[in-house]
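Spelled out from the first residue to the last, the chains are:
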Amino acid sequence: MKYIVVSGGVVSGLGKGITISSIGRLLLSSGLTVTSIKIDPYLNVDAGTMSPFEHGEVFTLHDGGEADLDLGNYERFLGVRLGKDNNITTGKVYRKVIARERRGDYLGKTVQVVPHITNEIQEWIERVAHEPVQEEGESKVADVCLIELGGTVGDIESMVFLEALRQFQFRVGDENFMLMFVSLVPVLGSVGEQKTKPTQHGVKELRSLGLSPKVIFCRCSTPVEPSTCAKISSFCHVPADHCISVHDVDNIYHVPLLLMEQNLHNMIATALKIDLPQFAVSIDQFTVTCKIALIGKYSTFQDSYLSVIKALKHASVAVERDLDLMWVEASDLIVPDENDPTQPPLEHKEAWDMLKSADGVIVPGGFGVRGVEGKIAAAEYCRKEKKPYLGVCLGFQVMVMEYARNVLGMSGANSTEFDENCENPVVVFMPEIDKDNLGGTMRLGARDTLITPHANGELSTSFHLYGKKEVVSERHRHRYEVNPEKIDEISKAGLSFVGKDETSTRMEIAELPRSVHPFYVGCQYHPEFQSRPLKASPPFHGLLMAAAGQLNEFL
């Protein structure tokens, strides 16, 4: 097993996840099998209870694990299926060591950070690296394990992982271990001088801990100049050609090509003594635009919807359109209160102008009552105006609430998440779940959905989108469900639940028949988590086809 470790310095958010995913893409295109591990130094056991504003999207894995959004990048770039153990956190490691101590596994020894915590980290890495990676039923032990160390070098919470990796390089041998470092090269002043001092200090800190990078990725707004690479080389103990310019590009799927052009694949082959044949990468460019409005409540922090954005881009590639994604704050769609200065009329008008100008609309998942009425207003508009609409998780639930209110006339139809005492609870709390503890208590991971025709016998749009499969597996992350007591009444009124679980008590997909609406689809699950660049998620593909005027021909 070969191990490639990527750490970062100066500041977080430089793109270590994209960088390591791009390295994996290079290796995959050379015929190797790749797996990935993300190390997050925080004390949380997982990312399930973390705010999207603070940490971005919570990515749900096939086995129900809730992880950092970088694991989503890994799955999309590498085309592999990862599990909860591919995400190591300080909380997980300490919990496991303390459980062993309580059982007496250490035979009375004093349990310490070194060697017990560091050994646990190393054993975890080796165990997960050798687990077969899966994609579409096939499994194989990887040739290379990519490891991303979150945070920045010098953070106190990262120290134990850096020490474990220092030991690990000797455990596996120099020919099987390659450390890379991502650093910021800021451009300062009117002359645009590229500064190397932050990189020098970051590498100095790393080397003081017994780790020396063999490649340095220089993150910069512009291509890094040869003179800058030469200066970094002289101070950081790496050859100048091992200072890779990773400058800003307009499409993250260009990054693997950027790395290949600078010969990174051959550097890896030399350091790890593996054969990597040459290969080519191509990315299509499209001139016709498709405008999609995303109705969200975390629109100021786009990482909160990262997988949704990627799924939309994958679908836009499938329909050969350039995606114009318009961000609409759900709260701005609500009629403003004249006495409330936080609801300016101008923002309300702009939000509706964007919604009306869109070729299609998506309402993604979310938690909490803020913005829900705006999402319901968007669903109503799309239903009445026959504008293509896709609702995911909460977006599926607001479809049901809107239909119950405005078609069935159910006054006060709502979710008990937002109003426990509502007159008509059409969305209710899922049974057998602990209401007090939030972490790990949702319906999580892959579940099967059985797709059925409409009541009139018409085959559903979802059936066609999923390749005429009657059973599909998608990932879930939610606590609330459509109320089983209201299903018959809503279905008879025209909103068909064409996807259900094996017990037929949990509603998974809702549609209006195509004779009523060209594309009005909602799903309780999160299809965005399984979307891939060259294999768009079926519901997202359907939305983009409908928005681009291609759905009828497809069907």
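Residues numbered from 1 in each chain as written. Predicted model: local features only at pLDDT ≥ 70, side-chain atom pairs only at ≥ 80, totals over all residues. Heavy atoms only, no water.

The chain has the name CTP synthase in an unreviewed UniProt entry, where Triparma laevis f. inornata is given as its organism. Listed in UniProt under the heading Function (unreviewed entry), the comment for the chain reads: "Catalyzes the ATP-dependent amination of UTP to CTP with either L-glutamine or ammonia as the source of nitrogen." (UniProt positions renumbered as here; feature names shortened; annotations may be inferred.)

Visitor: Can you explain the overall build of the chain? Please cite residues and give values.
Guide: Helix and strand counts for the chain come out as 18 helices and 25 strands. Expected size for 555 residues packed as a compact globule is a radius of gyration near 24 Å; at 25 Å, the chain falls within 12% of this value. Across the 555 residues that make up the chain, the buried fraction comes to 56%. Carbon together with sulfur atoms contributes 50% to the accessible area of the chain, which is approximately 23100 Å² in total. Between the averaged position of the 55 positive side-chain charges in the chain and that of its 73 negative side-chain charges there is a distance of 4 Å. (Helix = DSSP H or I, 4+ residues; strand = E, 2+ residues; numbered from the N terminus. Rg over C-alpha atoms; globule rule 2.2 N^0.38 Å. Buried < 20%, exposed > 50% of the residue type's maximum accessible area, 1.4 Å probe, protein only. Areas by Shrake-Rupley, 256 points an atom, 1.4 Å probe, with all protein chains shown as cover. Lys, Arg positive; Asp, Glu negative; His and termini not counted. Charge placed at Lys NZ, Arg CZ, Asp CG, Glu CD.)

Visitor: Which residues make up helix α10 (residues 264-272), and what values do they have?
Guide: L264, H265, M267, I268, A269 and L272 are the residues of α10 that are buried. In this structure, the buried side of α10 is in contact with β1 (2-8), α1 (16-29), β9 (177-184), β12 (215-220), β13 (243-247) and α9 (255-261). Two residues or fewer after α10 comes K273, characterised by a positive phi angle close to 55°. (Contact = heavy atoms within 4.5 Å.)

Visitor: I'd like a rundown of the pairing of strand β2 (residues 34-40), residues and numbers included.
Guide: Burial within β2 is extensive, with 7 of its 7 residues counted as buried. Covered by surrounding structure in β2 are V34, S36, K38 and D40 together with T35, I37 and I39, the residues of both alternating faces. Relative to strand β8 (residues 144-149), β2 runs parallel, the two being bridged by 6 bridges. Each residue of the ladder has a partner; that of T35, found in β8, is C145. (Pairing = 2+ DSSP bridges.)

Visitor: I'd like a rundown of the sheet that holds strand β19 (residues 424-429), residues and numbers included.
Guide: Ordered by their spatial adjacency, 3 strands build an open sheet running β18-β19-β22, and the pairing between neighbours is mixed. Of all strands in the sheet, those bounded by a partner on one side alone are β18 (413-415) and β22 (480-482). The sheet shows a mean angle of 30° between the axes of neighbouring strands, taken without regard to direction. As paired strands, β18 and β19 are joined by 3 bridges and run parallel to one another. Its bridge partner lying in β19, N414 is registered against P425. Contacts from helix α14 (residues 394-406) reach β18, β19 and β22 within the one sheet, and its direction differs from that of β18 by about 160°. (Axes fitted to C-alpha atoms, helices over the stretch in contact; angles between N-to-C directions.)

Visitor: Break down helix α6 (residues 159-172) for me, with residues and values.
Guide: Residue pairs spaced three or four apart in an α-helix point in one direction, given the helix's 3.6 residues per turn. Here α6 spans 20 Å end to end across 14 residues, near enough to the 20 Å set by a 1.5 Å rise per residue. Of the residues making up α6, those classed as buried are V160, F161, L162, A164, L165, Q167, F168, Q169 and V172. Immediately downstream of α6, the backbone of G173 shows phi near 95°, a positive value. (Expected span 1.5 Å × (residues − 1).)

Visitor: Summarise the packing of α1 against helix α3 (residues 70-78); cite the residues concerned and give the values.
Guide: Close contact between α1 and α3 brings their axes to 9 Å; oriented N to C, the two are set at 20°. As far as their axial angle goes, α3 and α1 are roughly parallel. For the element pair α1 and α3, the recorded crossing hand is right-handed. The segment α1 lies against α3, with G17, I18, I20, S21, S22, G24, R25 and L28 engaging D70, N73, Y74, F77 and L78. (Parallel < 35°, antiparallel > 145°, perpendicular 65-115°, else oblique. Left-handed = near helix turned anticlockwise from the far one by under 90°.)

Visitor: Let's hear about the sheet that holds strand β5 (residues 87-89): which residues, and what values?
Guide: An order of β5-β2-β8-β1-β9-β12-β13 is seen for the 7 strands of this open sheet, with the pairing classed as parallel. Each having just a single partner strand, β5 and β13 make up the two edges of the open sheet. Looking at each pair of strands side by side, their axes are set apart by 20° on average, direction ignored. Bridge count for β1 against β8 is 5 bridges, and the pairing is parallel. In the sheet register, V6 faces β8, and the bridge partner there is E148. Packing against the sheet, α6 makes contact with β1, β2, β5, β8 and β9, and its axis sits at approximately 145° to β9. Sitting on the sheet, α10 is in contact with β1, β9, β12 and β13, with an inclination near 145° to β9.

Visitor: Describe the side chain of E474, with residues and values.
Guide: Along the chain, E474 turns up in strand β21 (residues 471-478). Buried E474, no salt bridge; nearest opposite-charge side chain is R475, N-O distance 6.7 Å. Polar contacts involving the side chain of E474 include one to the side chain of Y466, which spans 2.7 Å. Leave out the neighbours within four places in its chain, and E474 touches G445, A446, R447, Y466, Y525, H526, P527 and Q530. (Salt bridge = Lys/Arg side-chain N within 4 Å of Asp/Glu carboxyl O. Polar contact = N/O pair within 3.5 Å; in protein donor to acceptor, adjacent residues only side chain to side chain.)

Visitor: So, unusual backbone geometry: which residues are in play, and what are the values?
Guide: The omega angle of the peptide bond from V114 to P115 is 20°, so this bond is cis rather than trans. Position of P115 relative to the elements: it lies in helix α5 (residues 113-129). One non-glycine residue, H237, lies in positive phi territory at about 65°. Tracing the backbone through its elements, the reader meets H237 in the loop between α8 (226-236) and β13. With a phi angle near 55°, C393 is a residue other than glycine that sits in the positive phi range.

Visitor: So what's going on with the side chain of N483? Which residues, and what values?
Guide: Structurally, N483 can be placed in the loop between β22 and α16 (487-492). With near-sequence residues (within four places) excluded, N483 lies in contact with P425, V426, V427 and V428.

Visitor: Would you mind going over the nonpolar core in detail, with residue names and values included?
Guide: By size, the foremost hydrophobic cluster in this structure holds 43 residues, and its most contacted members are I295, V361, Y389 and F497. The leading source of residues in this core is α14, at 8 residues. When neighbours within four sequence positions are excluded, Y389 is seen to be in contact with V361, V363, A379, C382, G395, V398, M399, F519, Y520, V521 and L543. If you look at the next biggest cluster of nonpolar residues, it comprises 41 residues, including I147, F161, V185 and I216. (Core = buried A, V, L, I, M, F, W, Y, C linked by side-chain atoms within 4.5 Å.)

Visitor: So what's going on with the pattern of salt bridges? Which residues, and what values?
Guide: Enumeration according to the criterion identifies 29 salt bridges in this entry. Across the salt bridge formed by R127 and E131, the nearest N and O atoms sit 3.6 Å from each other. Residue R127 is classed as partly exposed on the basis of its relative accessible area of 32%. Each of K38, D40, D68, D70 and E148 takes part in salt bridges that share partners, so that together they form one network.

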